[in-house]
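Report on the structure
Letter by letter, the chains look like this.
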Amino acid sequence: MMRTIRIFDTTLRDGEQSPGASMNVQEKLALAKQLAKLGVDVIEAGFAFSSPGDFEAIRTIGGEVEGPIICSLARAREEDITRAWEALRDAPRKRIHTFHSTSDIHLKHQFRVTREEALRRSVEMVRLARSYVDDVEFSPMDATRTDIAFLCEVVEAVIEAGASTVNIPDTVGYAVPSEFGYLIKTLFEKVPNIQKAVIAVHCHNDLGLATANSLAAVLNGAGQIECTVNGIGERAGNCSMEEVVMALRTRRDVFRADTKIRTEEIMRTSKLVTKITGISVQPNKAIVGANAFAHESGIHQDGLLKEKSTYEIIRPESIGLRSAKLVLGKHSGRHAFKTRLKELGYVLNDEELNRAFEKFKRLADQKKEIFDEDVEALISEGVAKVPEYFRLADLHIISGLNQKPTAAVKLTVGDAVLDKIEYGDGPVDATYKAIVSLTGTRSKLLKFEVKGITGGTDAMGEVVISLEEDDRTVRGHGADTDIIVAAAKAFINALNKLEARRKQSS
Ligand code: KIV
Ligand code: ZN
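Residues numbered from 1 in each chain as written. Chains lettered and ligands numbered in written order. Predicted model: local features only at pLDDT ≥ 70, side-chain atom pairs only at ≥ 80, totals over all residues. Heavy atoms only, no water.

Bound to the zinc ion (ligand 2) on the protein side are D14 (OD), H202 (NE2) and H204 (NE2), at distances that span 2.0 to 2.1 Å. Mapping the donors of the zinc ion (ligand 2) onto the primary sequence yields the spacing D-x187-H-x1-H. Here D14 is found in the loop between β2 (6-9) and α1 (25-38), whereas its partner H202 is found in strand β8 (residues 198-203), with 188 residues between them in sequence. (Donors = N, O, S within 2.8 Å, 3.2 Å for Na, K, Ca; no water. Helix = DSSP H or I, 4+ residues; strand = E, 2+ residues; numbered from the N terminus.)

Quick look at the domain arrangement of the protein now. Split into domains, the protein comes out as domain 1 (3-277), domain 2 (293-321), domain 3 (324-383) and domain 4 (390-505). When each unit is reduced to the centre of its C-alpha atoms, the spacing between domain 2 and domain 4 is 40 Å. (Domains from an automatic or database assignment.)

What follows covers the site of ligand 1. Residues in close proximity to ligand 1 include R13, D14, H97, F99, S139, M141, N167, P169, T171, H202 and H204, which together make up its full environment. The contact in question runs from an oxygen atom of ligand 1 to an N or O atom on the side chain of R13, over 3.0 Å. Between ligand 1 and D14, the relevant distance is 3.1 Å, taken from an oxygen atom to a side-chain nitrogen or oxygen of the residue. Alone, ligand 1 offers 260 Å² of accessible surface; in the complex the protein occludes 94% of this. When contributions to the shell around ligand 1 are tallied by element, the ones reaching two or more residues are β5 (94-101), β6 (136-141) and β7 (165-170). Its residues assigned to classes, the shell around ligand 1 shows three nonpolar, six polar and two charged. (Near = heavy atom within 4 Å. Polar contact = N/O pair within 3.5 Å; in protein donor to acceptor, adjacent residues only side chain to side chain. Areas by Shrake-Rupley, 256 points an atom, 1.4 Å probe, with all protein chains shown as cover. Nonpolar A, V, L, I, M, F, W, Y, C, P; charged D, E, K, R; others polar.)

What follows is about the packing of α1 against helix α11 (residues 266-277). For any two helices packed against each other, the geometry is given by the interaxial angle and the distance between the axes. Relative to each other, α1 and α11 sit at 170°, their axes nearing to 10 Å. Taken together, the axes of α1 and α11 are roughly antiparallel relative to one another. Where α1 crosses over α11, the handedness of that crossing is left-handed. Along the contact surface, α1 presents E27, A30, L31, Q34, L35 and L38, while α11 presents I266, R268, T269, L272, V273 and I276. Among the residues forming the contact of α1 with α11, the class breakdown is eight nonpolar, two polar and two charged. (Axes fitted to C-alpha atoms, helices over the stretch in contact; angles between N-to-C directions. Parallel < 35°, antiparallel > 145°, perpendicular 65-115°, else oblique. Left-handed = near helix turned anticlockwise from the far one by under 90°. Contact = heavy atoms within 4.5 Å.)

Here we come to the nonpolar core. Judged by nonpolar contacts, the single largest core of 92 residues is most densely connected at I168 and I225. Per-element tally for this core: the top contributor is helix α6 (residues 148-161), with nine residues. Lining this core are residues from two domains, each supplying at least three of them: domain 1 (3-277) and domain 2 (293-321). When neighbours within four sequence positions are excluded, I168 is seen to be in contact with P140, A143, V155, F180, L183, I184, L187, I199, A200, V201 and H202. In terms of nonpolar packing, the next biggest core, distinct from the first, is built from 26 residues, A407, L411, A487 and I492 among them. (Core = buried A, V, L, I, M, F, W, Y, C linked by side-chain atoms within 4.5 Å. Buried < 20%, exposed > 50% of the residue type's maximum accessible area, 1.4 Å probe, protein only.)

It is worth spelling out the environment of L328 at this point. Looking at where L328 falls in the secondary structure, it is placed in strand β11 (residues 326-328). In sequence terms L328 and F360 are 32 residues apart; their C-alpha atoms lie 9.4 Å from each other. Residues contacting L328, with those up to four places away along its chain left out, are A336, F337, R340, F360, E369 and I370.

Take α1 next. In this model, α1 (14 residues) spans 20 Å end to end at C-alpha, consistent with the 20 Å of a helix rising 1.5 Å per residue. Restricting attention to buried positions, one finds in α1 the residues E27, K28, L29, L31, A32, Q34, L35, A36 and L38. Looking at where α1 begins, the residue whose side-chain oxygen comes 3.2 Å from the main-chain nitrogen of Q26 is N24. One or two positions beyond α1, positive phi appears at G39, with a value near 95°. (Expected span 1.5 Å × (residues − 1).)

Another aspect to go through is the pairing of strand β17 (residues 461-469). Burial within β17 is extensive, with eight of its nine residues counted as buried. In this structure, β17 lies alongside strand β18 (residues 472-480), joined through nine bridges in antiparallel fashion. Following the sheet pairing, G461 is matched in β18 by D480. The hairpin turn running from β17 into β18, its antiparallel successor, is two residues long, and D470 in that turn takes a positive phi close to 45°. (Pairing = 2+ DSSP bridges.)

Together, E116, E153, E156 and E160 line one region of the surface with negative charge. Tallying contributions element by element places α6 first for the negative patch, with three residues. One can find E156 in helix α6. You can call E156 partly exposed: its relative accessible area is 34%. (Patch = residues over 30% accessible without salt bridge, like charges linked within 9 Å, V, L, I, M, F, W, Y side chains within 5 Å. Salt bridge = Lys/Arg side-chain N within 4 Å of Asp/Glu carboxyl O. Lys, Arg positive; Asp, Glu negative; His and termini not counted. Charge placed at Lys NZ, Arg CZ, Asp CG, Glu CD.)

What follows covers the sheet that holds β18. The strand order β16-β17-β18 describes an open sheet built from three strands, whose pairing is antiparallel. Strand pairing shows two members of the sheet lacking a second neighbour, β16 (444-452) and β18, which therefore form its edges. With direction set aside, neighbouring strand axes in the sheet form an average angle of 15°. Across eight bridges, the pairing between β16 and β17 is antiparallel. If you follow V450 over to β17, its bridge partner there is V463. Its contacts with the sheet place helix α17 (residues 483-505) against β16, β17 and β18, and it is angled at close to 145° to β18.

Another aspect to go through is the packing of aromatic side chains. Summed over the entire model, instances satisfying the criterion amount to seven aromatic pairs. Through successive ring pairs, a cluster of aromatic residues spans F337, F357 and F360. Taking NZ or CZ as reference, R83 lies 3.8 Å from the ring centre of F55, over its face. (Phe/Tyr/Trp six-rings, centres within 6.5 Å; stacked < 30°, edge-to-face > 60°. Lys NZ or Arg CZ within 6 Å of the ring centre and 35° of its normal.)

Pasting the structure below:
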């Protein structure tokens, strides 16, 4: 019999714990909507008690995202569980996920409580969570380093107390597949009430084994996998959603299991995560890496031309990868543009469409051939819209072999129009100096990355930057055929985010 494995996506919670990946409410909402399109069963939207931003993100996602169960993490503490409930109150489908460490290492050195106390708190907090919601998940943290007899005792007790999902985390990514599979098997053999709950797994990737461990757990009865898009997460990250989903889909013969994921949405989701978090995917990453479907060897290319199955185990289209496709040009009209957007999965309201079409026309003047990726870059500039307090009105650059790089920048700042000329070590440096002087920003540039969106010398370039101000980090994005303009847009986008935060907290 074919089983359906639930996909519990924790990109917005554990994924956000990746260094530098914090997301604001609008970014989380945009990603949650895409996760719903992807077809995940559960979205762990955050940790309500941890910050007002997380609380607001969970509340907003619960109110606006339809389909998946929306979940908040909560430590096994009364105030955490109550806060999770407050954030989830309006969500039609909600889950509280509470956790307590169970390994002796954690109990002795970190929490300084006995096993008995850990068990008592876990049971009590599952009961409290059940008084708020019907759907409660419990995680014995550091399960893979927990004494197995004690782990069985905890699992049995929390199921008895009302947990309908029990998650077995490999918190420090210590397990290896044979051992982890055996652990899951043992739970099924030793815990008498185990059939009353779904057994989930949550594997970290410290030894590069998160996907393999999760799959070993499925082979031994696990019914839910916790994972993140692009495998982002604490330290080396979590089990990667796209890997585990495509492994199950491709090897249904082995696993006798599949998920409800619409795999055609994988690539789009992966790109959105990169865009929002600023964390790039390594080129050789399975499934979503730039080289995952690139065949370099002549022998392989020869085989592929004769018959795809010789060297291709996954059809690129099945994860939503399209070959670079000429979509539109300078003479394309609004209707053709709208139709293409729809084919790409974007449904915009009239105002958004007008704005996107205007940008498209400007791009079409600069670039002869416009590809799907270019259109997607235009659209995703609008992801997580931020009010434009600063706006780039004009930019002139002088640079060259024997020229002192000079930038003349005109900005609208609120209602005023200001301009400034600056010199620098290069055109980007000169532009950034002018913007600093016009905005008076005290922020520090932490990261500056440039990449080409499509091939060719007229390709759109994308710039992603990180800025830090008063211990807050924000990312900025800009895309343009002119890389200096893209850099200026990225800086201004980040400054607008800092401004929005300042206004929110004042
Ligand atoms: O890695 C872990 O143990 C966790 C728990 C909170 C489930 O993220
Ligand atoms: Zn984790």
